[in-house]
Amino acid sequence: MAKLPGPLEIYPLLPGTNCKECGEANCMAFATKMAEHTVKLKACTPLFQDAKYAKKLDKIQVLVRPPVREVVIGVGENAASIGGKLVLYRHDLRYSNPTSFFIDVPDTLDGEALAARIKAIEEWTYVYIGTNLRLDGMALRGVSQDPKIFATAAKKLVELSSWPIMLCSLNPEMLATAANAIADKRPLLYAATMDTWAEVGEIARKHNLPLVAYAPGSLDNLSSLVGTLRAIGLDDIVLDPGTASRKGLGTTVDSFTQVRRSSIIEENELLGYPTIAAPITVWADYREGEAPELTKWDEVLTASALIVRYADLIVLHSLDMWTNLPTTFLRSNLYTDPVKPVAVEAGLMEFGDVGPDSPVMYTTNFALTYFTVESDIKQAGSTAYLVVVDTEGMSVQSAVAGRKLTAERVAETLEEYKVAEKVNHKTLISPGMAARISGETEEVSGWTVKVGPRDSSGIPKYLQEGKWKEE
Ligand code: SF4
């Protein structure tokens, strides 16, 4: 497997001035974080700005280059970074750059329909554990087969949206016309094939654009195509080993797995690029009269299998809430850091127009626990203070068992946020799962502890009935 460089290999290639411009105390601290992949090289600005570091810059860029290159599509704050993968298995470190979801937009849509589709793509969102799940970009498909119509739709797209765009056509003339029209938005060109690499490669080179190398069914052909594109100076390459429609999912998953294994385990540079999958191909099997829901499920299933098996970008057609929920949930869970529990900030939260009579509750800073409790308090329609105890991101039950949630820690948090000064009572509602530390908490904190519901879904009723006030 590709060896990731350590701090002692990185440090000699940094300027060594300890100038702190990167936000770290010194170059060694920065090198350590580089080795942990928690900072990016570009944060060391002197390295890029001062010509005397040019040689060091060349060397360090090679040293820290991930086995799967990173490719950026689009510009500005919505630009999508794909690839940049360091490991095959998430537990070896973590995955970076979550799979990007691009939704198709046919160039044959008229003005109103085009605007409506763009709006629907941009507005698809779902709040999950405190983050907004969303889609990432648009794949403009040259259904018209007419370069002028394709270019006009591309221009319209960039007028209406600042999201990243992929230009999809196997006809180089179509790609050339649309790329000329919107090159400054850094679209991804889809695609160069064994037959069209020279023309499409030239478009990419001329405008400095990323492009997809498409060679379905043969990794030898794909490697050879990439080698040819590299030989003409291109390096922002995305690999498409082909996404078969309904009947070929097993073969497709196999190809994607081989590509990633080859780049990370065997350090094969020709396949060391991000991958693109097209679950949208299942629609090729759709027949009039069939329930479209079945094809949508095929698309969800294909997308899910390929998110798990290393697709860095997927192209989809379905835009329903229910089709994109499972895939965005899956992506969100797969791309969390396995050694870092999903946590929120500890502190004192206020719900509603709180006053001295408001109840005081506490919970842990495990994100899933916190957001569930937050939602249940809001549902109660009652005001409340919620003390969020730092349990290093552990849930209530685990934190009690692991001594991360103790009477002392609860008392310290009450003290730290001066909760007693905000209310005219000293009653604290504990999570039902923390009942076993309630007596000790009373002793250590001096607050009266009322044990709340074991399941947070009982919170609305508990607060509405004012049970915490009972003697
Ligand atoms: S910005 Fe670069 S030179 Fe300055 S301290 Fe950070 S790593 Fe060292």
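Residues numbered from 1 in each chain as written. Predicted model: local features only at pLDDT ≥ 70, side-chain atom pairs only at ≥ 80, totals over all residues.

## A look at helix H15 (residues 407–416)
- Taken together, the buried positions of H15 are Arg409, Val410, Ala411, Thr413 and Leu414.
- Immediately beyond the C-terminal end of H15, within one or two residues, lies Lys418, with a positive phi of roughly 50°. (Buried ≥ 20, exposed ≤ 12 C-beta atoms within 10 Å, placed from the backbone. Helix = DSSP H or I, 4+ residues; strand = E, 2+ residues; numbered from the N terminus.)

## Here's the deal with the domain arrangement of the chain
- Examined at the domain level, the chain breaks down into domain 1 (7–63), domain 2 (70–334) and domain 3 (347–469).
- Taking only C-alpha atoms into account, the centre of domain 1 sits 33 Å from that of domain 2. (Domains from an automatic or database assignment.)

## As for the packing of helix H10 (residues 249–264) against helix H11 (residues 292–308)
- Direction vectors running N to C along H10 and H11 enclose 20°, while the axes themselves pass 9 Å from each other. Judged on the interaxial angle alone, H11 and H10 are roughly parallel. The chirality of how H10 crosses H11 is right-handed. Here H10 contributes Leu249, Val253 and Phe256 to the contact with H11, which in turn contributes Thr302, Ala305 and Leu306.
- Split into classes, the residues belonging to the contact of H10 with H11 amount to five nonpolar, one polar and no charged. (Axes fitted to C-alpha atoms, helices over the stretch in contact; angles between N-to-C directions. Parallel < 35°, antiparallel > 145°, perpendicular 65-115°, else oblique. Left-handed = near helix turned anticlockwise from the far one by under 90°. Contact = placed C-beta atoms within 7 Å. Nonpolar A, V, L, I, M, F, W, Y, C, P; charged D, E, K, R; others polar.)

## What to know about the nonpolar core
- Grouped together as the largest cluster of nonpolar side chains are 76 residues, with contacts concentrated most on Met138, Leu140, Leu167, Leu189, Val212 and Ala213.
- For this core, the leading source of residues is helix H7 (residues 172–182), giving seven residues.
- Beyond its immediate sequence surroundings of up to four residues, Met138 is in contact with Phe102, Ile103, Val105, Ile118, Ile121, Leu157, Ser161, Trp163 and Ile165.
- Judged by nonpolar contacts, the second largest core, of 31 residues, contains Ile377, Met394, Val400 and Leu428. (Core = buried A, V, L, I, M, F, W, Y, C linked by C-beta atoms within 7 Å.)

## Some thoughts on the packing of helix H5 (residues 111–123) against helix H6 (residues 147–160)
- One can describe the packing of H5 onto H6 by two numbers: an axis separation of 11 Å at closest approach and a directional angle of 45°. In terms of orientation, H5 and H6 fall into the oblique class. Crossing geometry of H5 relative to H6 is assigned as right-handed. Of the residues in H6, those touching H5 at Leu114, Ala115 and Ile118 are Ala153, Lys156, Leu157 and Leu160.
- Residue composition of the contact of H5 with H6, by class: six nonpolar, no polar and one charged.

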